[in-house]
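# Chains, contacts and geometry: an overview
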Amino acid sequence: QVQLQESGPGLVNPSQTLSLTCTVSGGSIIMNYYAWSWIRQTPGKGPEWMGVILQDGTTYYTPSLKSRISISRDTSKNQFSLQLVSMNPEDTAVYYCARSSRSNFVSDFAYWGQGTQVTVSS
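Here the structure is a predicted model, which is why all the values come from computation and not from measurement.

Turning our eyes to something else, we now look at the overall build of the protein. If you tally the helices and strands in the protein, you get 0 helices and 11 strands. Listing each helix as α and each strand as β along the protein from the N terminus yields β-β-β-β-β-β-β-β-β-β-β. By sequence separation, contacts in the protein at least 24 residues apart represent 54% of the contacts at least 6 residues apart. Of the roughly 6500 Å² of accessible surface on the protein, 47% is carried by carbon and sulfur atoms. Averaging the coordinates of the 8 positive side-chain charges in the protein and doing the same for the 7 negative ones gives two points 3 Å apart.

Next up, the structure:
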C-alpha cells in the first residue's frame, strides 16, 4: 500500500523559495507504471495541478508556474521534491503530493499525502 508524506516549512517569506519533499513508501518512484505530482489547494478555489515527474525523471509543469517551478527526485531515498521560487501571498495554499493516474486528471488520483499548509507572509 503506497503512502506519501509531505515535509517542509509552513511559513515562507515573500520572495523566498519554497522547498517541499514527498517521501513515498510502499511503491518505488522509479517503477515504470506510475508518475508523481504536486498539487495545491486554495480555499474556495479547488485543486491546482502544479507538475509531475515521471519514472524516468521527465517533468511537466502547468504553464502558469513554468518559470518558477522545479520538480526533482532522489531515487536512493524514494523521494521527490518541489521547489517554487519567488513566493508571494497568492501562493498560500495547502500543498499535496500524490501518485498520478495515467490520465493525469487530479480527480483520478487515488493516493495522496495528507497535505501541508504553506503560508507566505512577512
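Of the pockets and cavities examined, the largest pocket occupies roughly 290 Å³. Forming the boundary of the largest pocket are 17 residues, of which Tyr33, Ala35, Ser100, Ser101 and Arg102 lie nearest the centre. Split by residue class, the lining of the largest pocket holds 8 nonpolar, 5 polar and 4 charged.

The rules behind the values
- Residues numbered from 1 in each chain as written.
- Predicted model: local features only at pLDDT ≥ 70, side-chain atom pairs only at ≥ 80, totals over all residues.
- Heavy atoms only, no water.
- Helix = DSSP H or I, 4+ residues; strand = E, 2+ residues; numbered from the N terminus.
- Contact = heavy atoms within 4.5 Å.
- Areas by Shrake-Rupley, 256 points an atom, 1.4 Å probe, with all protein chains shown as cover.
- Lys, Arg positive; Asp, Glu negative; His and termini not counted.
- Charge placed at Lys NZ, Arg CZ, Asp CG, Glu CD.
- 1 Å grid on protein atoms, 1.4 Å probe; cavity = no way out; pocket = protein on both sides within 12 Å on 5 of 7 lines; lining within 4 Å.
- Points joined across faces, edges and corners; volume = space filled by probe spheres on them.
- Nonpolar A, V, L, I, M, F, W, Y, C, P; charged D, E, K, R; others polar.

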